[in-house]
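# Residue-level structural notes
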Amino acid sequence: MDDCAGKDPKTLERRMTIEAVHSTARAEIPDSTVWVPVATGLWAGNTAGNFIGLIEKVSTHGFTARNGCCEPVGLFSSLAEAKRAVESS
């Protein structure tokens, strides 16, 4: 969340708290991104131990993506497109 430094937390559209995520997913390359399914239809992205964003399945409309500051990145027709957009934001 270092990219959010100096931003007023009250201006962030929404925040999520994830109490516990147990996963054996590990990045084979230290700076590669790992996407962990947190709940049905919700994925959290992590690069080198840093939270980079969330992707949420939105019924038949596709996938909404948010960056590490929980700012909207966009609506995408596939999970792969949403992941690429978050990773490049």
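Let us look at the structure shown here. Since the structure is predicted, the reported quantities are computational estimates derived from the model, not experimental observations.

### Section: the pairing of strand β4 (residues 62–67)
- Most of β4 sits inside the fold, with five of its six residues counted as buried.
- Pairing of strand β3 (residues 50–58) with β4, which is carried by six bridges, proceeds in the antiparallel orientation. Its bridge partner lying in β4, Leu 54 is registered against Arg 66.
- The hairpin turn running from β3 into β4, its antiparallel successor, is three residues long, and Ser 59 in that turn takes a positive phi close to 35°.
- Both β4 and strand β5 (residues 72–76) contribute to a ladder of four bridges, which runs antiparallel. Counted as the bridge partner of Ala 65 is Gly 74 from β5.
- In sequence, β4 turns back onto β5 through a hairpin of four residues, with Cys 70 there showing a positive phi of about 65°.

### Describing the packing of aromatic side chains
- Considering all chains together, one arrives at one aromatic pair under this definition.
- Plain terms: the ring middles of Trp 43 and Phe 63 are 6.0 Å apart, the flat faces sit at 55° to each other, and that makes the pair tilted. Note that Trp 43 is positioned in strand β2 (residues 42–47) and Phe 63 in strand β4, a separation of 20 residues in sequence. Of the two residues examined, Trp 43 and Phe 63, each falls in the buried class.
- The ring of Phe 63 has Lys 57 lying over it, and the distance from NZ or CZ to the ring centre is 4.8 Å.

### Overview of the side chain of Arg 66
- Note on placement: Arg 66 falls in strand β4.
- Reaching out from Arg 66, the side chain makes a polar contact with the backbone oxygen of Cys 70 at a distance of 2.8 Å.

### Section: the pairing of β3
- Taken together, the six bridges between β2 and β3 define a ladder with antiparallel strand orientation. Its bridge partner being in β3, Leu 42 is matched across the sheet by Glu 56.
- Counting the residues in the hairpin turn of β2 and β3 gives two residues, including Ala 48, whose phi is positive at 50°.

### Side note on the environment of Gly 74
- By secondary structure assignment, the location of Gly 74 is in strand β5.
- Each C-alpha atom, one on Gly 74 and one on Val 86, is 9.1 Å from the other, the two residues being twelve residues apart in sequence.

### As for the side chain of Asn 67
- Relative to the assigned elements, Asn 67 resides in strand β4.
- Residue class for Asn 67 comes out buried when judged on its relative accessible area of 15%.
- Side-chain polar atoms of Asn 67 contact the backbone nitrogen of Cys 69, separated by 2.8 Å.
- Once you skip the residues sitting within four places of it in the chain, Asn 67 turns out to touch Phe 51, Ile 52, Gly 53, Val 73 and Ser 89.

What counts and how
- Residues numbered from 1 in each chain as written.
- Predicted model: local features only at pLDDT ≥ 70, side-chain atom pairs only at ≥ 80, totals over all residues.
- Heavy atoms only, no water.
- Buried < 20%, exposed > 50% of the residue type's maximum accessible area, 1.4 Å probe, protein only.
- Helix = DSSP H or I, 4+ residues; strand = E, 2+ residues; numbered from the N terminus.
- Pairing = 2+ DSSP bridges.
- Phe/Tyr/Trp six-rings, centres within 6.5 Å; stacked < 30°, edge-to-face > 60°.
- Lys NZ or Arg CZ within 6 Å of the ring centre and 35° of its normal.
- Polar contact = N/O pair within 3.5 Å; in protein donor to acceptor, adjacent residues only side chain to side chain.
- Contact = heavy atoms within 4.5 Å.

Honestly, it's all geometry; don't read function into it.
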